Amino acid sequence: MRCSPLPLLVLACALPWTALAAEVGVAPATRKLLPDTAFPCETAAQLLAAKGEWEGFQIAVRDPGGLAAVDVELSDLTGPDGAVIAAAEARLYREFFLDVTNASDFGVSLHERVEGLYSDPLIPFDDPYGDGEVGAPFDLEPGELGVVWVDLHVPHDAEPGDYTGTATVLVDGVADTELPVTLRVWAFEIPAERTIGTAFGHSDSGVRKFHGGTGAEAEDGYDDIVDRYYLALHEHRIDPTTV
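Described below are features of the structure shown in this document. (Residues numbered from 1 in each chain as written. Predicted model: local features only at pLDDT ≥ 70, side-chain atom pairs only at ≥ 80, totals over all residues. Heavy atoms only, no water.)

## Quick word on the pattern of salt bridges
Tallying each qualifying case throughout the model produces six salt bridges. A salt bridge links Arg-62 to Glu-23, with the nearest nitrogen and oxygen atoms 2.8 Å apart. Of this pair, Arg-62 sits in strand 4 (residues 54-62) while Glu-23 is found in strand 2 (residues 23-28), placing the two residues 39 residues apart along the sequence. Between Glu-235 and Arg-91 there is a salt bridge, and its shortest N-O distance comes to 2.8 Å. Of this pair, Glu-235 sits in helix 2 (residues 223-235) while Arg-91 sits in strand 8 (residues 90-100), and the two are 144 residues apart along the sequence. Taking relative accessible area as the criterion, Glu-235 reaches 18% and is therefore assigned buried. (Salt bridge = Lys/Arg side-chain N within 4 Å of Asp/Glu carboxyl O. Helix = DSSP H or I, 4+ residues; strand = E, 2+ residues; numbered from the N terminus. Buried < 20%, exposed > 50% of the residue type's maximum accessible area, 1.4 Å probe, protein only.)

Laid out in structure tokens, this is it:
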């Protein structure tokens with residue numbers, strides 16, 4: 001994971017803008033959004049990436065009266081001399097909140113994990129194993145926090161320069177809020193290989209069990225699921241401890 005000294009998002013809290021109904025905000029990929037943390041006031045996403053890199057941001061949505069059929073659509077990003085990074089290069093996920101009932105501080109100060117709701121699984125908007133929708137559209141109860149993770153891939157052959165587009169939040173099939181998205185593609189490429197050692201816990205049997213299997217090695221229908229986990233790790237240049 002690359003850390004940049006520059007902010008990934010435009011802090012646009014002071015800029016005037018209008019939302020038709022829902023409260024909508026943008027947050028960087030590095031911020032953990034929880035029901036009891038401050039709602040993000042940024043309203044535009046600004047990404048910096050090399051060719052071949054993935055960069056993400058989050059869209060938070062809530063409304064005191066609740067919302068039906070919340071969805072997000074990302075436009076193509078247009079860049080220099082008519083260059084286009086297609087919307088299909090992005091993957092959108094709903095962040096699912098788990099109810100943690102046991103605190104786990106592990107003796108690490110300032111990083112205590114108290115009981116409460118924490119976002120952990122990412123549910124893809126589109127079913128990766130079929131043609132249906134999985135993660136969106138989704139409903140929100142009054143005051144409930146909904147968070148969408150946008151993971152954007154910059155193609156290896158992308159033209160360097162500045163790109164612009166939009167992320168549109170829809171409620172019940174109607175466009176509610178349009179968020180500007182800008183991307184600066186640097187004029188160098190990151191190769192499709194891991195160059196920094198990491199230690200990310202991973203269990204093949206755990207994946208199978210999580211998706212409804214028994215965890216057995218030769219269980220039918222689960223090889224593709226496990227392979228997709230390894231693909232996602234490789235795409236984001238993460239080494240699982242099992243490899």
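## Focus on the environment of Thr-214
Inspection of the secondary structure puts Thr-214 in the loop between helix 1 (204-210) and helix 2. The exposed category is assigned to Thr-214, whose relative accessible area is 57%.

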